Amino acid sequence: MQMPEGLPEIDLARPSAARVYDYFLGGAHNFEVDRQLAEQIAAMTPNLPATMRAGREFLRRAVRVLLDAGIDQYLDIGSGIPTVGNVHEVAQAANPKARVVYVDIDPVAVAHSRELLAGNELTGVIHADLRDPEWILAEARQLHLLDFDRPLGILLAGVVHFVPDADRPADILAALRSAAAPGSHLVVSHSTFEDQPPEMLDAQRLSARTATEITLRSRAEITGFFGDWTLLEPGVVHMELWRPDAPSEVAANPERFGAFGGVARHDRPVG
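### Notes on the overall build of the chain
Part 1 of the argument: Helices and strands together make up the secondary structure of the chain, namely nine helices and eight strands.
Part 2 of the argument: Counting the 271 residues in the chain, one finds 53% classified as buried.
Part 3 of the argument: Within the chain, contacts between residues at least 6 apart in sequence are counted, and of these 71% link residues at least 24 apart.
Part 4 of the argument: A total accessible area of about 12,200 Å² is found for the chain, and carbon and sulfur atoms account for 52% of it.

Structure follows, in structure tokens:
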């Protein structure tokens, strides 16, 4: 792929999770080292590209639910490269005034995001690490795109599993929730070891070759990331089971994608 101008120096000898994800989604913003790792993972788990697409479809369905709830501003953390069908396209197709701020740790993803979104004044891009939520929130406020006094959609699709337990992911999620006004929604999808065959677990562990190793967690741990916010039905479930567009879209074994997803709402305290 062609490198955007002004890109900071990066280690092209090491694959990136964001670029591997882009490859699986059919994107063009990846390098040979990313494709090699992707093919190695795919050889172990042939349905992985479908898993990546299932994660993207879960995010799209969740965003549509948030749009129906009146959410017109989104903070998408761990966004990767916003190519076709990403959050701003889904949101702005329904509400042309919807605002989206993308956040990613990968400098290549950030550089390409800025290039792809040039001219869209209702979107912004931040280069930041989820493990520093205060920095993310400060940078988002500096963009003057999001109003934190109004309901906000916080999107953490396929990113919290890159935060190891030592970095206290529950505290990170609590910091993000505490910055959101009542009526805000939190979307999380997260890889799990529950209901998974050994080959899927082995493939997920290959993430250790990227700068962002995956930590697999249980449904109970993932549910805890929503804190005291109100979970929308059907709760934290295998991604394909979260409000499918049609019953025919749910396969006989929805656990095959190896991830749970859920959405919760920040209700105003009673009294």
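### A closer look at the nonpolar core
Nonpolar side chains in soluble globular proteins tend to be buried together.
Part 1 of the argument: Ranked by internal contacts, the top residues of the largest apolar core, which has 33 residues, are Leu 75, Ile 77, Val 103, Leu 130, Leu 156, Leu 176 and Leu 186.
Part 2 of the argument: For this core, the secondary structure elements donating two or more residues are strand 1 (73–77), strand 2 (99–104), helix 6 (133–143), strand 4 (153–157), helix 7 (169–178), strand 5 (185–191) and strand 8 (259–265).
Part 3 of the argument: When near neighbours in sequence (up to four residues on either side) are disregarded, Leu 75 contacts Val 101, Val 103, Ile 136, Leu 137, Ala 140, Leu 146, Leu 152, Gly 153, Ile 154 and Leu 155.
Part 4 of the argument: Formed by 29 residues, the second largest nonpolar core is a distinct cluster that contains Ala 54, Ala 62, Ala 91 and Ala 157.

### Overview of the packing of helix 6 against helix 7
Part 1 of the argument: Packing of helix 6 against helix 7 brings their axes to within 9 Å, and their N-to-C directions diverge by 25°. Between helix 6 and helix 7, the crossing angle belongs to the class labelled roughly parallel. As helix 6 packs across helix 7, the resulting crossing turns out to be right-handed. Between helix 6 and helix 7, the contacting residues are Pro 133, Glu 134 and Leu 137 on the first element and Ile 172, Ala 175 and Leu 176 on the second.
Part 2 of the argument: For the contact of helix 6 with helix 7, the per-class residue count stands at five nonpolar, no polar and one charged.

Basis of the calculations
Residues numbered from 1 in each chain as written. Predicted model: local features only at pLDDT ≥ 70, side-chain atom pairs only at ≥ 80, totals over all residues. Heavy atoms only, no water. Helix = DSSP H or I, 4+ residues; strand = E, 2+ residues; numbered from the N terminus. Buried < 20%, exposed > 50% of the residue type's maximum accessible area, 1.4 Å probe, protein only. Contact = heavy atoms within 4.5 Å. Areas by Shrake-Rupley, 256 points an atom, 1.4 Å probe, with all protein chains shown as cover. Core = buried A, V, L, I, M, F, W, Y, C linked by side-chain atoms within 4.5 Å. Axes fitted to C-alpha atoms, helices over the stretch in contact; angles between N-to-C directions. Parallel < 35°, antiparallel > 145°, perpendicular 65-115°, else oblique. Left-handed = near helix turned anticlockwise from the far one by under 90°. Nonpolar A, V, L, I, M, F, W, Y, C, P; charged D, E, K, R; others polar.

Shape descriptors only; they carry no functional weight alone.
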